[in-house]
Amino acid sequence: MKFYQRAIMACVLPVVLLTGCVSIPKSIQGNAPLPQQDLTRVMSAPQLYVGQESRFGGKVVRVTNRDNTTRIELMVQPLDEGARPILGAASLGRLYADVPSFIDPAELTNQYLTVLGNIQRVEPGKIGQQNYNFLVIAVTGYQRWHLTQQVMSPPMPMDPWLWYGPRYGRRGFIDPWWGYSMQGPMPVQTFLTE
């Protein structure tokens, strides 16, 4: 029994340790222990947060180049523990992220982005015909995320001491697909990577 428990721990422990090793990319780590990430709280009293370091992420809606600045309109979404926008999460609002350099709009439009910077002010703007107040952030760092897809294969039997041996097919020969569970199409998982 002890061998069986040790074998399970040897398989499970590395997985548990690796899942706890989610890190935030250096470009958006910042100097504050925990940059402001709650857009709803900031927009309820923006004057209290002016000058504070913040980190927001989401989908880029529009990119506009100005003299020495690129303004990114960002549809803000909640962030996971690695500062990635959570795919499929509802929008928390929008903000303007001002980057002090030129960025080609074709590179960022409709991409996922996390920005780090200091809160500057609230500026009136429009979403379509609707008036909207945008939070403005002076960006000090940003991370572009790439959509990645992975086919999720079904789990294989874990007990090495059980024999699932080959089954004999209809014509009496060994079935080459023994041990595999073909229970329909395999799911595809979409996630963000650096």
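Values in this document were obtained by computation on a predicted structure and should not be read as measured data. (Residues numbered from 1 in each chain as written. Predicted model: local features only at pLDDT ≥ 70, side-chain atom pairs only at ≥ 80, totals over all residues. Heavy atoms only, no water.)

1. What to know about the overall build of the protein chain
Now for step 1: Helix and strand content of the protein chain: three helices and six strands.
Now for step 2: Starting at the N terminus and walking to the C terminus, you meet the elements of the protein chain as α-α-β-β-β-α-β-β-β.
Now for step 3: For the protein chain, buried positions account for 30% of its 194 residues.
Now for step 4: A sequence separation of at least 24 residues applies to 63% of the contacts in the protein chain between residues at least 6 apart.
Now for step 5: Carbon and sulfur atoms make up 57% of the accessible area of the protein chain, which totals about 13,100 Å². (Helix = DSSP H or I, 4+ residues; strand = E, 2+ residues; numbered from the N terminus. Buried < 20%, exposed > 50% of the residue type's maximum accessible area, 1.4 Å probe, protein only. Contact = heavy atoms within 4.5 Å. Areas by Shrake-Rupley, 256 points an atom, 1.4 Å probe, with all protein chains shown as cover.)

2. Focus: the nonpolar core
Now for step 1: Counting 20 residues, the largest nonpolar core has Phe56, Val60, Ile72, Leu95, Leu108, Leu113 and Leu135 as the members making the most contacts within it.
Now for step 2: Only helix H2 (39–44), strand S1 (53–66), strand S2 (69–77), strand S3 (93–99), strand S4 (112–127) and strand S5 (130–151) provide two or more residues apiece to this core.
Now for step 3: Counting residues in hydrophobic clusters, the runner-up holds six residues, among them Ile28, Tyr112, Leu116 and Trp145. (Core = buried A, V, L, I, M, F, W, Y, C linked by side-chain atoms within 4.5 Å.)

3. Here we look at the pairing of S3
Two faces, one strand: in a regular strand the side chains alternate between the faces of the sheet.
Now for step 1: Counting buried residues in S3 gives seven out of seven residues, a clear majority hidden from the surface.
Now for step 2: Burial along S3 is two-sided: Gly93, Leu95, Ala97 and Val99 facing one way and Arg94, Tyr96 and Asp98 facing the other are all buried.
Now for step 3: Bridging between S3 and S5 involves four bridges; their strand directions are parallel. Residue pairing across strands places Ala97 opposite Ile137, the latter belonging to S5. (Pairing = 2+ DSSP bridges.)

4. Regarding the pattern of salt bridges
Now for step 1: In the structure shown here, the tally under the stated rule is six salt bridges.
Now for step 2: Among the ionic contacts, a cluster of salt bridges with common partners joins Arg71, Asp98, Arg121 and Glu123. (Salt bridge = Lys/Arg side-chain N within 4 Å of Asp/Glu carboxyl O.)

5. Some details on the side chain of Gln143
Now for step 1: With respect to the element layout, Gln143 can be found in strand S5.
Now for step 2: Taking relative accessible area as the criterion, Gln143 reaches 12% and is therefore assigned buried.
Now for step 3: Separated by 3.3 Å, the side chains of Gln143 and Ser27 make a polar contact.
Now for step 4: When sequence neighbours within four positions are dropped, the list of residues in contact with Gln143 reads Pro25, Ser27, Ile28, Tyr112, Leu113, Thr114 and Glu194. (Polar contact = N/O pair within 3.5 Å; in protein donor to acceptor, adjacent residues only side chain to side chain.)

By themselves, these are just geometric observations and shouldn't be taken as functional.
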